[in-house]
Amino acid sequence: MNWDLVFAVLFYGLIIWFFFVKREKWEVQCKIIALYKTQIGVRAMDIIARKVPLLLRICSGISVVIGFLGMGLIFYYLVIGTYHLLTIPKAIPAVAFVLPGVRIPGLPDLGFWHWILAIFVVAVVHEFSHGIYARLWKIPLKSSGFALFGPILGAFVEPDEKQMKKQSKFRQIAIFSAGSFSNVLLALVTILVLQWGTGPLYNNFYETTGIQVNSILPHTPAEVAGLQPPIVITAINGMQTTNAGEFFNASKNIQPHQEVTLKTDNGSYTLVAREHPENGSKGYLGIADFEIRTDIQQAKKEKYGAFIPNAVAWIHMLLFWIFIVSLGIGLFNLLPLGPIDGGRMFYTGLGYIVKKESLQKRIFGAVTLFCLLLILINLFPYIWKLFVWIGKL
């Protein structure tokens, strides 16, 4: 049984029921956005803004600097990633849908609850920070609450836009930058917890057992030999490959036309390596999208059973996805693209350089269209896979 699908149906069934029961509190925008307006968290934002104003003013300056540095970084990454996607065969897109069931090379499978919880935690932290900065400069908050952006559960804070526009450009930019800044901080905190908390605990219960290959490229030695993903490689030419280091050492010296024996969880295979398309001096097998396969240590399983190790693994994976989603959303949100925070930062910042409003709008519009084009190019492989999947149905 596909439990992710069962949980998704139950979860959205409850959301739909709650929507109709509390219909008067929901505001629908553009037919795909629904806001459940409350005053949740507004008092807490106000208290924090009053208690540590000096710290927040210092952080506002840091968040503006980091915001524009992050904007440059993510814009450069998007441009370079798009160039590689268009010029290098089998290059990985710079942008991907973070959704259950959408396979992202190099990342583990994303379960439904990990997705919902990670998105919600990141959204709450993001919006809460906007609210704190707004209250720091006495901007009223009309409402806060939960939001549905299509199927994605999130949060929102609604400051008084008229009062926002009366603030200085720096204050406006600081408020816009607060969400991404807090997401980057959350990612840093999460990686520390993973490194020093759940990581050692996870490693205490689990051991690596091989390298799982999730993709076999067409017309390559691996496909000719009959490898069917997902498949776990445990040895290459007699050299053990139970972890990433062993796999790298065993595969780095493979030469073109060399006979290679792979030991897997589905038997042994013999391949003849080809020349690598990007480096003719290296061997090429045609296996891609790796992840480390782990299993509960037998001694721990006998002592604790499977529930405790699985619970540790579930929490560890949740924190991992909070890190990935928080860093990804934090940086993506800094793109100079209207109407997200990075776009609003970019447009407001243009006011320091370009005084003519009509020229500001033209520059902003051109940059926004350019960013949208790059994003669509990167998402096209995933959109195409979706259409192919629908066509097969």
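Refer to the structure printed above.
Residues numbered from 1 in each chain as written. Predicted model: local features only at pLDDT ≥ 70, side-chain atom pairs only at ≥ 80, totals over all residues. Heavy atoms only, no water.

This next bit is on the overall build of the protein. A tally of regular secondary structure across the protein gives twelve helices and twelve strands. The proportion of buried residues among the 393 residues of the protein is 41%. Of all intrachain contacts in the protein linking residues separated by at least 6 positions in sequence, the fraction that spans at least 24 positions is 69%. Accessible surface for the protein amounts to roughly 22,000 Å². Of this, 67% is attributable to carbon and sulfur atoms. If you average the places of the 34 positive and of the 22 negative side-chain charges in the protein, the two averages end up 14 Å apart. (Helix = DSSP H or I, 4+ residues; strand = E, 2+ residues; numbered from the N terminus. Buried < 20%, exposed > 50% of the residue type's maximum accessible area, 1.4 Å probe, protein only. Contact = heavy atoms within 4.5 Å. Areas by Shrake-Rupley, 256 points an atom, 1.4 Å probe, with all protein chains shown as cover. Lys, Arg positive; Asp, Glu negative; His and termini not counted. Charge placed at Lys NZ, Arg CZ, Asp CG, Glu CD.)

Let us look at the environment of Gly343. Structurally, Gly343 can be placed in helix H11 (residues 341-353). Sequence separation between Gly343 and Asn204 is 139 residues, and the spatial gap between their C-alpha atoms is 45 Å.

One pass over the full model with this rule turns up 21 aromatic pairs. Centroid distance Phe19 to Trp26: 5.4 Å. Interplanar angle 55°. Geometry classified as tilted. Trp26 shares its class with Phe19; the two are buried. Both rings, one in Phe112 and one in Trp115, keep their centres 6.1 Å apart while their planes meet at 55°; by these two values the pair is tilted. With Phe112 and Trp115 both in helix H4 (residues 112-136), this residue pair falls three residues apart, about one helical turn. When sorted by exposure, Phe112 lands in the same class as Trp115, which is buried. (Phe/Tyr/Trp six-rings, centres within 6.5 Å; stacked < 30°, edge-to-face > 60°.)

Throughout the structure, instances matching the rule amount to six salt bridges. With its nearest N and O atoms 3.2 Å apart, the salt bridge here joins Lys37 to Glu158. In this pair, Lys37 sits in strand E2 (residues 33-38) while Glu158 sits in strand E4 (residues 152-159), placing the two residues 121 residues apart along the sequence. Of the charged contacts in the structure, one is a salt bridge between Glu357 and Lys361, with a shortest N-O distance of 3.6 Å. Of this pair, Glu357 and Lys361 both sit in helix H12 (residues 357-392), four residues apart, which is roughly one turn of the helix. (Salt bridge = Lys/Arg side-chain N within 4 Å of Asp/Glu carboxyl O.)

On the surface, Leu185, Leu188, Ile191, Leu192 and Trp196 cluster together to form a nonpolar patch covering roughly 540 Å² of accessible area. The class of Trp196 is exposed, set by a relative accessible area of 69%. (Patch = residues over 30% accessible without salt bridge, like charges linked within 9 Å, V, L, I, M, F, W, Y side chains within 5 Å.)

Moving on, we come to the sheet that holds strand E1 (residues 26-29). Strand pairing in a sheet takes place through backbone hydrogen bonds and is either antiparallel or parallel in direction. Strand order in the open sheet formed by four strands is E1-E2-E3-E4, with antiparallel pairing between adjacent strands. Edge positions in the open sheet fall to E1 and E4, since each of these has one partner strand only. Strand-to-strand twist of the sheet, defined as the mean angle between neighbouring strand axes without regard to direction, takes the value 30°. Bridging between E2 and strand E3 (residues 141-149) involves six bridges; their strand directions are antiparallel. (Pairing = 2+ DSSP bridges. Axes fitted to C-alpha atoms, helices over the stretch in contact; angles between N-to-C directions.)

One can find Trp113 in helix H4. Taking the relative accessible area as the measure of exposure, Trp113 reaches 31% and is therefore partly exposed. C-alpha of Trp113 to C-alpha of Trp314: the two residues are 201 residues apart in sequence and 10.0 Å apart in space. Beyond its immediate stretch of four places on either side in the chain, Trp113 contacts Phe7, Phe11 and Trp314.

Looking at chain direction, E3 and E4 are connected through eight bridges and run antiparallel. Bridging from a neighbouring strand, Gly145 pairs with Phe156 of E4. Where E3 folds back on E4, the antiparallel hairpin that results is connected by two residues, among which Gly150 adopts a positive phi of roughly 65°.

So, on to unusual backbone geometry. Omega for the bond connecting Pro229 with Pro230 falls within 30 degrees of zero, at -5°, which places this linkage in the cis form. In this model, Gly338 is joined to Pro339 through a cis peptide bond whose omega is 5°. Mapped onto the elements, Pro339 comes out in the loop between helix H10 (307-332) and H11. Although it is not a glycine, Asn237 sits at a positive phi angle of roughly 50°. Along the chain, Asn237 turns up in the loop between strand E6 (231-236) and strand E7 (239-240).

On to the environment of Phe170, then. In this structure, Phe170 sits in helix H6 (residues 169-205). What makes Phe170 partly exposed here is its relative accessible area of 33%. Measuring from C-alpha to C-alpha, the distance between Phe170 and Gln297 comes to 55 Å, with 127 residues separating the pair along the chain. In this view, Phe170 contacts Ser60, Gly61, Val64 and Tyr352; residues no more than four positions away in its chain are not counted.

To continue, consider the pairing of E6. Remark: a regular strand shows side chains that alternate across the two faces of the sheet. Among the six residues in E6, five count as buried, and that is most of the element. The pairing of strand E5 (residues 206-216) with E6 spans three bridges and is antiparallel. Among the inter-strand pairings, Val213 is bridged to a residue of E6, identified as Ile231. Here three bridges tie E6 to strand E8 (residues 259-264), and the two strands are oriented antiparallel to one another. Across the sheet, the residue bridging to Ile236 is Leu262, located in E8. Here E6 hands over to E7 after two residues, with Asn237 in that stretch at a positive phi of 50°.

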